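Architecture at a glance
Spelled out from the first residue to the last, the chains are:
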Amino acid sequence: MQSFNWVRATKSSELSRGSFSGYETDETTHYSVVDPFGNSVSVTTTLNGAYGSKVFVDKGGFFLNNEMDDFSAKPGTPNMFGLVGAEANSIAAQKRMLSSMSTTIVEANGQLKMVLGSPGGSTIITTVLQNILNVLDYDMTMQESVSKPRFHHQWLPDNIKFETSFDTVVFDSLKKLGYKIDHSNSKVIGKTDAILVLPDGRLEGGADPRGDDKAEGF
């Protein structure tokens, strides 16, 4: 409308489609919260696949997810994340499907230590675990931890998936042990949003640089 002119007709050749700055991702959302009193919340919510089940709740303003894919629709056949289930996870009434979502709160000596979680389908569990180990066993800061390259193994397919930024120095020794290495260019492994309670009581937020994640304190 900035170029609209009341006294001169606009030529069709001067008109074009507008640019759409928004987008709809097909991923899960996670956020972690700690308040001034030490209360903590770890929340993961998902549509699962793109636009979920494609069913929109008019009065709610949201789509319903397609988490039914986390059941074994056909035992022995991979779902959209390559996970292979058995008859025990088959679809039936009054059952809850398996899920990799791992909303996590870590305590040490009865006190809050860490709040974290991640999107990423089948990679969520390994993403969360690696971040816990990074902080507790390797003394990383929260931001340093969530920024580190990650790897993932889920039984099937029979390989270890590494992010492309992962240091290849360990690959030869892993191959000698019989591991299959997948270092191809693909989606990132998880997008962690986490909070670490420092020894002096201050909070350190870790926002994953793999996405548009952000840490805020106020």
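Anything mentioned here points back to the structure above.
Residues numbered from 1 in each chain as written. Predicted model: local features only at pLDDT ≥ 70, side-chain atom pairs only at ≥ 80, totals over all residues. Heavy atoms only, no water.

Quick look at the overall build of the chain
Of regular secondary structure, the chain possesses 3 helices and 11 strands. Reading the secondary structure of the chain in the N-to-C direction produces β-β-β-β-β-β-α-α-β-β-α-β-β-β. A compact globule built from 218 residues should have a C-alpha radius of gyration of about 17 Å, whereas the chain, at 22 Å, is more than 25% larger. Looking at the chain as a whole, 32% of its 218 residues qualify as buried. As presented, the chain carries roughly 14,700 Å² of accessible surface, and 55% of it is formed by carbon and sulfur atoms. The centroid of the 20 positive side-chain charges in the chain is displaced by 7 Å from the centroid of its 26 negative side-chain charges. (Helix = DSSP H or I, 4+ residues; strand = E, 2+ residues; numbered from the N terminus. Rg over C-alpha atoms; globule rule 2.2 N^0.38 Å. Buried < 20%, exposed > 50% of the residue type's maximum accessible area, 1.4 Å probe, protein only. Areas by Shrake-Rupley, 256 points an atom, 1.4 Å probe, with all protein chains shown as cover. Lys, Arg positive; Asp, Glu negative; His and termini not counted. Charge placed at Lys NZ, Arg CZ, Asp CG, Glu CD.)

Observations regarding the pairing of strand β11 (residues 203-207)
By the bridge criterion, 5 bridges tie strand β10 (residues 193-197) to β11 in an arrangement that is antiparallel. Note on β11: the bridge partner recorded for I195 is G205. (Pairing = 2+ DSSP bridges.)

A few points about helix α1 (residues 124-136)
Taking 1.5 Å of rise per residue, 13 residues should cover 18 Å, and α1 covers 18 Å from first to last C-alpha, within 8% of that figure. Residues of α1 that are buried: I124, T126, T127, V128, Q130, N131, I132, N134 and V135. Buried residues along α1 sit against β5 (104-108), β6 (111-116), α2 (142-147), β7 (151-152) and β10. (Expected span 1.5 Å × (residues − 1). Contact = heavy atoms within 4.5 Å.)

Remarks on the pattern of salt bridges
The tally for this structure, following the rule as stated, stands at 6 salt bridges. Between R150 and D208 there is a salt bridge, and its shortest N-O distance comes to 2.7 Å. Separated by 58 residues along the polypeptide, R150 in the loop between α2 and β7 and D208 in the segment after β11 bring together distant segments of the chain. No difference in accessibility class separates R150 from D208, as the two residues are buried. Linking K161 and D182 is a salt bridge whose minimum nitrogen-to-oxygen distance equals 3.4 Å. Separated by 21 residues along the polypeptide, K161 in strand β8 (residues 160-162) and D182 in strand β9 (residues 181-182) bring together distant segments of the chain. Residues joined by salt bridges that share partners form a network here, namely R150, E163, D208 and R210. (Salt bridge = Lys/Arg side-chain N within 4 Å of Asp/Glu carboxyl O.)

Observations concerning the nonpolar core
Core analysis: the biggest nonpolar cluster contains 11 residues, these being V106, M114, L116, I124, V128, I132, V135, M142, V146, A194 and L196. Listing elements by their share of this core, those giving two or more residues are β6, α1, α2 and β10. In terms of residue count, the dominant contributor to this core is α1 (4 residues). Dropping the residues within four chain positions of it, I132 is found in contact with T104, V106, M114, L116 and D137. (Core = buried A, V, L, I, M, F, W, Y, C linked by side-chain atoms within 4.5 Å.)

Some words on the environment of E163
Mapping E163 onto the fold places it in the loop between β8 and α3 (171-176). Separated by 56 residues in sequence, E163 and E107 place their C-alpha atoms 29 Å apart. Setting aside residues no more than four positions away along its own chain, E163 makes contact with K148, P149, R150, H183, V188, I189 and R210. In terms of polar contacts, E163 uses its side chain to reach the backbone amide nitrogen of I189, at 2.9 Å. (Polar contact = N/O pair within 3.5 Å; in protein donor to acceptor, adjacent residues only side chain to side chain.)

Brief notes about the sheet that holds β11
Sheets are built from strands paired through backbone hydrogen bonds, the pairs being either parallel or antiparallel. Strand order in this open sheet of 4 strands is β5-β6-β10-β11, and the pairing throughout is antiparallel. A single partner strand is all that each edge strand has here, and the edge strands are β5 and β11. Between one strand axis and the next, the sheet turns by 20° as a mean value, whatever way the strands run. The pairing of β5 with β6 spans 5 bridges and is antiparallel. Along β6, the bridge assignment pairs E107 with L112. In the packing of α1 onto the sheet, contacts are made with β5, β6 and β10, and the angle to β6 comes to roughly 135°. (Axes fitted to C-alpha atoms, helices over the stretch in contact; angles between N-to-C directions.)

Geometry only, nothing functional implied.
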